[in-house]
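Fold and geometry: a report
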Amino acid sequence: MSPAPSSRSAEAAALAAAQGVEADLSIELPGRAPVGARVYGQRARGETVPLVLHFHGGTFICGNLDNGRNVARLLAGSGAVVVSLAYPLAPESPFPEPIEVGYAALEWLYKQRVKLGGKGAQVYLAGEEAGGNLAAAVALIARDRAHPPLAGQILLSPMLDPCAGTASLRKATNDAPECRWATGWEKYLSCPSNATHPYAVPSGSLRLSALAPALVLVGTDDAMRDEALTFAGRLRAAGIEVTSSVLPSATDWPKALYDTENTGCVACEATVQQHFREFFSATTPPPAAPNHPS
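Bear in mind the structure is a predicted one, so any value in this text is a computation, not a measurement.

Conventions used here
Residues numbered from 1 in each chain as written. Predicted model: local features only at pLDDT ≥ 70, side-chain atom pairs only at ≥ 80, totals over all residues. Heavy atoms only, no water. Helix = DSSP H or I, 4+ residues; strand = E, 2+ residues; numbered from the N terminus. Buried < 20%, exposed > 50% of the residue type's maximum accessible area, 1.4 Å probe, protein only. Areas by Shrake-Rupley, 256 points an atom, 1.4 Å probe, with all protein chains shown as cover. Pairing = 2+ DSSP bridges. Axes fitted to C-alpha atoms, helices over the stretch in contact; angles between N-to-C directions. Right-handed = clockwise from strand over helix to strand, strands pointing away. Arc of directions from axis to C-beta. Phe/Tyr/Trp six-rings, centres within 6.5 Å; stacked < 30°, edge-to-face > 60°. Lys NZ or Arg CZ within 6 Å of the ring centre and 35° of its normal. Contact = heavy atoms within 4.5 Å. Polar contact = N/O pair within 3.5 Å; in protein donor to acceptor, adjacent residues only side chain to side chain.

As a further point, take the overall build of the chain. Of regular secondary structure, the chain possesses 10 helices and eight strands. In terms of principal-axis extent, the alpha carbons of the chain reach across some 65 × 45 × 40 Å. Within the chain, buried positions represent 53% of all 294 residues. Surface summary for the chain: the accessible area is close to 12,700 Å², and the carbon and sulfur share equals 53%.

Right under this line is the structure:
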């Protein structure tokens, strides 16, 4: 009997991680069309590494696996195995379809965690811009559905508030009433009532307790800077462990995070990876002490 499609996907991902190659695969999800993904990072035999489900950047209506390459490689370079997801885009797939696909992919990843990350592998969510929104939303869903357990969420310049009139956004758009972020939000939300749903707009959630620890990184001239740091502050107030930082050397963020032709994030690559490593280290429990007979 041949292995199930989901098992074949896991085997392909595990092989890519063992060989240290970037490989595309298709993940079979229950009751849904298969979703594309790309694996990054390398795990030596017998080693345990962080396992990250990554959502690429864009504005809900654009972006693909190539746009996720910059951040996925930074995460992999920090010692993780990364599965970057080609989640469905609006307007063809507005809220809540992208986050439901994301949550289903997270469940798949958790089931395959030993095969992909090793025994005791910790599972994380990560995303930039619109992908940061999806990562934050899926973290909320995982808490509300009590599964799977998450070690952390990594949010890079996340789009969190469609109504934000922050100074950083106004500066980035020169106070223009229409911008690509507003257009993306409009297509993603599809109707005004969705703007009040916490899974669509995580920054509007009235209950942020019991979430996974968060790492929030933004650039100095980042359009999402103010709303991301406000969200980090609200998480802290809810008792969540949060590390947040404004990276002075990060130029042209968030575009540099997902632009396949842009090298603006190179200047801060070492700093970003150091943040990733420290976050992985801080959220990974120490190995259990061996039991010795008395």
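From this point, the discussion proceeds with the structure in view.
Next up on the list: the sheet that holds strand 1 (residues 23–27). Strands sit in the order 1-2-4-3-5-6-7-8 across an open sheet of eight strands; the sheet is mixed. A strand with exactly one partner marks an edge of an open sheet, and here the two such strands are strand 1 and strand 8 (242–247). The average undirected angle you get between the axes of adjacent strands in this sheet is 20°. One ladder, built from four bridges, connects strand 2 (residues 35–40) with strand 4 (residues 81–85); its direction is antiparallel.

With that settled, the discussion passes to the pairing of strand 8. Both strand 7 (residues 214–219) and strand 8 contribute to a ladder of six bridges, which runs parallel. Counterpart to L215 in the pairing with strand 8 is T243. Regarding topology, helix 8 (residues 225–237) serves as the crossover connection from strand 7 to the parallel strand 8, and that connection is right-handed.

Right, let's get into helix 7 (residues 180–189). Listing the buried residues of helix 7 in full gives W181, G184, W185, Y188 and L189. Down the axis, helix 7 shows its buried residues gathered within 115° of arc, on one side only.

With an omega dihedral of 10°, the bond running from F95 to P96 counts as a cis peptide bond. When you line up the elements, P96 lands in the loop between strand 4 and helix 3 (97–111). Here the amide bond leading from H147 into P148 is cis, since omega sits at -5°, within 30 degrees of zero. The phi angle at A146 is positive, at roughly 60°, despite the residue not being glycine. By secondary structure assignment, the location of A146 is in the loop between helix 5 (130–144) and strand 6 (152–156). Given the relative accessible area of 66%, A146 is considered exposed. Notably, A210 is not glycine yet its phi reads approximately 65°, a positive angle. By secondary structure assignment, the location of A210 is in the loop between helix 7 and strand 7.

A word on the packing of aromatic side chains. Per the counting criterion, the structure on display carries seven aromatic pairs. With centroids separated by 6.0 Å and ring planes inclined at 75°, the aromatic side chains of F95 and Y188 adopt a geometry described as edge-to-face. Within this pair, whereas F95 is found in the loop between strand 4 and helix 3, its partner Y188 is found in helix 7, the two being separated by 93 residues in sequence. One exposure class covers both F95 and Y188, and it is buried. Both rings, one in Y124 and one in F280, keep their centres 4.9 Å apart while their planes meet at 75°; by these two values the pair is edge-to-face. Of the two residues, Y124 is situated in strand 5 (residues 123–128) and F280 in helix 10 (residues 269–282); the sequence distance between them amounts to 156 residues. Across the pair, exposure class does not vary: Y124 and F280 are buried alike. Joined through ring pairs, the aromatic side chains of F60, F95, W185 and Y188 make up one cluster. Taking the ring centre of Y110 as reference, the NZ or CZ of R113 above it sits at 3.8 Å. A cation sits over an aromatic face here: R145 above Y103, 4.8 Å from the ring centre.

Structurally, D226 can be placed in helix 8. In contact with D226, not counting residues within four places along its chain, are T166, A167 and S168. In terms of polar contacts, D226 uses its side chain to reach the backbone amide nitrogen of S168, at 2.9 Å. Side chain to side chain, D226 and R225 meet in a polar contact 2.9 Å long.

Within the fold, R38 resides in strand 2. The sequence separation of R38 and S93 amounts to 55 residues, and the corresponding C-alpha distance is 21 Å. Ignoring any residue separated from it by four or fewer positions in sequence, one finds R38 in contact with A23, D24, L25, L65, D66, V82, V83 and S84. Separated by 2.5 Å, the side chains of R38 and D24 make a polar contact.

Inspection of the secondary structure assignment puts I141 in helix 5. Those residues in contact with I141 that lie beyond four places of it in its chain are I99, Y103 and Y199.

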